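Close look at the chain arrangement
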Amino acid sequence: RCEGHTDDLALPKSAEFPSNWELSSARSLNFVRLLSNYAQMPQKLFSAMGYGEFRPIIDISKLKNKLQIKEARSQNRRVEIYLDAFIKNKTDINI
């Protein structure tokens with residue numbers, strides 16, 4: 001499972017995506033495609049989600065220093081990967 005996140009800033013009108021929702025979704029989907037390709041695993045074994053700016057690691061509303069806010073925003077722009085590990089025979093996976 002891959003989850004995409006953005007910072008709290010609105011995208012410029014000229015941006016490729018209309019909102020942080022679409023940007024975070026595209027961010028996670030692109031990562032899933034890369035991982036699927038490099039791992040040579042079918043895409044059906046993956047999921048991609050986007051949360052926009054709504055699940056920040058750092059709440060910038062409590063920060064005053066501009067440098068701290070800038071750093072917090074950069075940390076909030078991320079992709080999180082969750083792996084479920086279980087033992088299965090390779091023949092059990094329908095590829």
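I will try to describe carefully the structure that is included in this document. (Residues numbered from 1 in each chain as written. Predicted model: local features only at pLDDT ≥ 70, side-chain atom pairs only at ≥ 80, totals over all residues. Heavy atoms only, no water.)

So, about the side chain of Glu 80. On the secondary structure map, Glu 80 appears in strand β3 (residues 78-81). Only 2.6 Å separates the side chain of Glu 80 from the side chain of Tyr 82, close enough to count as a polar contact. (Helix = DSSP H or I, 4+ residues; strand = E, 2+ residues; numbered from the N terminus. Polar contact = N/O pair within 3.5 Å; in protein donor to acceptor, adjacent residues only side chain to side chain.)

The mixed open sheet is built from three strands, whose spatial order is β2-β1-β3. Lying at the two open borders of the sheet, with one neighbouring strand each, are β2 (48-50) and β3. Between one strand axis and the next, the sheet turns through 20 degrees on average, direction left out of account. Relative to β3, strand β1 (residues 2-5) runs antiparallel, the two being bridged by four bridges. When the sheet's bridge partners are listed, Cys 2 is paired in β3 with Ile 81. Its contacts with the sheet place helix α1 (residues 20-39) against β1, β2 and β3, and it is angled at close to 160 degrees to β2. (Pairing = 2+ DSSP bridges. Axes fitted to C-alpha atoms, helices over the stretch in contact; angles between N-to-C directions. Contact = heavy atoms within 4.5 Å.)

All right, on to the pairing of β1 then. Taking every second residue as pointing to the same face, both faces of β1 are buried, with Cys 2 and Gly 4 on one and Glu 3 and His 5 on the other. By the bridge criterion, three bridges tie β1 to β2 in an arrangement that is parallel. When the sheet's bridge partners are listed, Cys 2 is paired in β2 with Ala 48. With respect to chirality, the unit in which β1 leads through α1 into the neighbouring parallel β2 is right-handed. (Buried < 20%, exposed > 50% of the residue type's maximum accessible area, 1.4 Å probe, protein only. Right-handed = clockwise from strand over helix to strand, strands pointing away.)

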